[in-house]
Amino acid sequence: MKFLVVGGGGREHALADALSRSSNVEIYSVMGKKNPGIAALSTDVYICDETEIHRVADYAEANGVEYAVIGPEAPLEAGIADTLAERGIACIGPRKEAARIETDKAFCRNLMRSHGIDGCPGYQAFHDPEGACRYIDEHDVNLAIKPIGLTGGKGVKIMGEHVDAAGAKNYIREIKGDVVLEERLIGEEFTLLAFVDGEHLVPMPLVQDHKRAYEGDVGPNTGGMGSYSMEDHSFPFVTDDDRDRAFAIMEAVIAALNKEGHPFIGFLYGQFMNTANGPQVIEFNARFGDPEAMNLLSLLTSDFATILVKMAAGTLTPADVTFAHKASVCKYLVPEGYPDKPQEGKLLTIGDYGDAKLFFANVTLDNGKYYTQTSRTLAFVGMGDTLQEAEQQAERAAASVSGAVRYRHDIGTMDVLDKRIAHMRSIR
Ligand code: AMP
Ligand code: GLY
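An account of the accompanying structure is given in this report.

Calculation rules
- Residues numbered from 1 in each chain as written.
- Chains lettered and ligands numbered in written order.
- Predicted model: local features only at pLDDT ≥ 70, side-chain atom pairs only at ≥ 80, totals over all residues.
- Heavy atoms only, no water.
- Buried < 20%, exposed > 50% of the residue type's maximum accessible area, 1.4 Å probe, protein only.
- Helix = DSSP H or I, 4+ residues; strand = E, 2+ residues; numbered from the N terminus.
- Pairing = 2+ DSSP bridges.
- Near = heavy atom within 4 Å.
- Polar contact = N/O pair within 3.5 Å; in protein donor to acceptor, adjacent residues only side chain to side chain.
- Areas by Shrake-Rupley, 256 points an atom, 1.4 Å probe, with all protein chains shown as cover.
- Nonpolar A, V, L, I, M, F, W, Y, C, P; charged D, E, K, R; others polar.
- Axes fitted to C-alpha atoms, helices over the stretch in contact; angles between N-to-C directions.
- Contact = heavy atoms within 4.5 Å.
- Expected span 1.5 Å × (residues − 1).

**Focus: the pairing of strand E18 (residues 327-335)**
Within E18, nine of the nine residues are buried, leaving the element largely enclosed by the surrounding structure. Relative to strand E23 (residues 378-384), E18 runs antiparallel, the two being bridged by seven bridges. Counterpart to Cys-330 in the pairing with E23 is Val-381. Note that E18 and strand E25 (residues 405-406) share two bridges and pair antiparallel. Its bridge partner lying in E25, Pro-335 is registered against Val-405.

Written out as structure tokens, the structure reads:
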């Protein structure tokens with residue numbers, strides 16, 4: 001079977017790696033910049049902007065690709081699934097209209113509200129900056145300020161955390177007003193991803209990303225510095241009831257999309273804030289998370305190609321999906337100065353990384369040597385029977401790299417986990 005993998009980051013390296021563990025699979029790949037990890041697993045690599053969907057479809061057709069799996073959101077927003085379908089190529093990744101669950105934050109909230117779906121915080125959408133600013137003046141509460149469109153995970157500002165009321169209004173004027181203002185949720189975040197075949201959802205282990213650039217969750221937001229998951233596929237600060245409620249919310253969203261005539265085939269990423277009153281939706285993504293894909297696909301023990309084929313056919317069942325009962329920790333190495341002033345073109349040397357898994361992201365391979373680019377460079381995933389084992393494996397691997405890169409030592413440590421448990425206890 002011929003599969004096309006679209007995208008060139010750590011997430012797509014993990015997708016290609018999981019596919020390469022299936023038998024009878026041939027991988028073709030499309031990416032904006034060559035990822036050496038994906039290239040090593042591919043029969044052929046096409047360097048092309050992933051949003052040039054007609055060129056991508058021409059390439060897929062010319063190579064007899066049967067299934068395409070889409071990593072990033074930008075080609076979904078551009079309608080890659082629609083274009084591939086016109087050429088008879090099955091796409092794992094939703095069509096443009098269903099992808100609006102991620103690409104249009106107002107659409108997402110309106111869908112939840114109009115279908116009476118649980119877990120939707122109070123919100124209001126604005127299309128003029130002055131209206132939004134007036135709302136802030138009239139409501140003396142902390143809000144989350146969210147640009148309506150895609151921002152690569154960097155556009156949200158939280159009042160009381162990143163900005164005060166004056167800063168919030170400046171920001172709204174700076175982004176010219178297409179904005180959703182939301183109730184600020186207090187709690188601990190977790191992510192639940194599901195494989196979706198248009199109708200049925202099969203959940204994956206819970207996972208938690210770390211968006212802030214520096215240890216202790218401070219500094220600017222990034223695409224994600226690393227993520228962890230636990231051997232029981234849950235977290236000590238999430239009860240079974242919280243998890244069931246989160247999953248029920250995701251099922252309701254897929255049912256609502258179906259009712260509106262937009263069936264969703266792909267990976268639904270539910271980001272939740274576990275509050276005093278249970279899980280509330282922070283946002284949905286229409287794709288795997290990056291770095292979360294590296295944790296989850298490393299833990300996947302069943303056949304990924306079979307899962308994708310069944311997703312496309314609408315016949316996925318829970319029996320098709322199994323994950324190792326292990327903890328996992330993913331740590332991203334990023335260029336010094338990332339995200340504001342990343343040091344580009346710097347040599348890095350990878351040492352002995354033991355049993356950890358290595359995933360490449362935004363890195364150049366030239367004459368056997370690796371160089372940084374401007375975004376996240378490469379990541380290691382450690383796995384073990386406990387979080388400590390997984391963390392130590394990832395930490396040792398990350399420490400083996402020398403050069404102008406850094407990473408967060410605290411991701412996956414018990415200290416961070418204990419803080420989350422204590423915070424949850426304090427609000428419940
Ligand atoms: P997003 O780009 O929607 O993933 O948001 C980025 C980050 O902003 C999230 O990971 C949360 O930490 C935070 N955030 C988003 N929405 C809210 C909210 N309504 N209340 C509190 N924090 C939020
Ligand atoms: N790691 C968060 C995301 O991929 O959006």
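**Thoughts on the site of ligand 1**
For ligand 1, the set of nearby residues contains 15 residues, the closest of which are Glu-183, Leu-185, Glu-189, Gln-271 and Glu-283. The separation between a nitrogen atom of ligand 1 and a polar side-chain atom of Lys-146 is 3.1 Å. Glu-189 places a polar side-chain atom, nitrogen or oxygen, 2.3 Å from an oxygen atom of ligand 1. In isolation ligand 1 exposes 470 Å². Once the protein is present, 93% of that is buried. Classifying every residue of the shell around ligand 1 gives six nonpolar, one polar and eight charged.

**With respect to the sheet that holds strand E19 (residues 347-349)**
Ordered by their spatial adjacency, four strands build an open sheet running E21-E22-E19-E24, and the pairing between neighbours is antiparallel. Edge positions in the sheet fall to strand E21 (363-366) and strand E24 (402-403), since each of these pairs with one other strand and no more. Where E19 and E24 come together, two bridges link them in antiparallel fashion. Each bridged residue has a counterpart across the sheet, and for Leu-348 the counterpart in E24 is Gly-403.

**Description of the sheet that holds strand E5 (residues 90-92)**
Pairing in this open sheet of five strands is parallel, and the strands run E3-E2-E1-E4-E5 from one edge to the other. With partners counted over all chains shown, the strands left at the sheet margins are strand E3 (44-47) and E5, one partner each. Across the sheet, the mean angle from the axis of one strand to that of its neighbour is 20°, orientation sign disregarded. In terms of strand pairing, strand E2 (residues 26-31) meets E3 through four bridges, oriented parallel. Of the residues in E3, the one forming a bridge with Met-31 is Ile-47. Each of strand E1 (2-6), E2 and strand E4 (67-70) is contacted by helix H1 (residues 10-20), which is oriented at about 165° to E1, the strand it contacts most. Packed onto the sheet, helix H12 (residues 304-313) meets E1, E4 and E5 and runs at close to 115° relative to E5.

**Comments concerning the pairing of E21**
Of the pairings in the sheet, the one linking E21 to strand E22 (residues 369-372) comprises four bridges and is antiparallel in character. Along E22, the bridge assignment pairs Leu-365 with Tyr-370. Here E21 folds back onto E22, and the loop between the two strands holds two residues, one of which, Asn-367, carries a positive phi near 55°.

**Some remarks on helix H10 (residues 240-259)**
Between its terminal C-alpha atoms H10 stretches 28 Å, which fits the 28 Å expected from 20 residues at 1.5 Å a residue. Of the positions making up H10, those classed as buried are Asp-242, Ala-246, Phe-247, Ile-249, Met-250, Val-253, Ile-254, Ala-256 and Leu-257. Buried residues along H10 sit in contact with helix H6 (96-103), helix H7 (105-114), strand E10 (188-198), strand E11 (201-203), strand E16 (264-275) and strand E17 (278-285). Backbone geometry just after H10 places Gly-261 at a positive phi near 85°.

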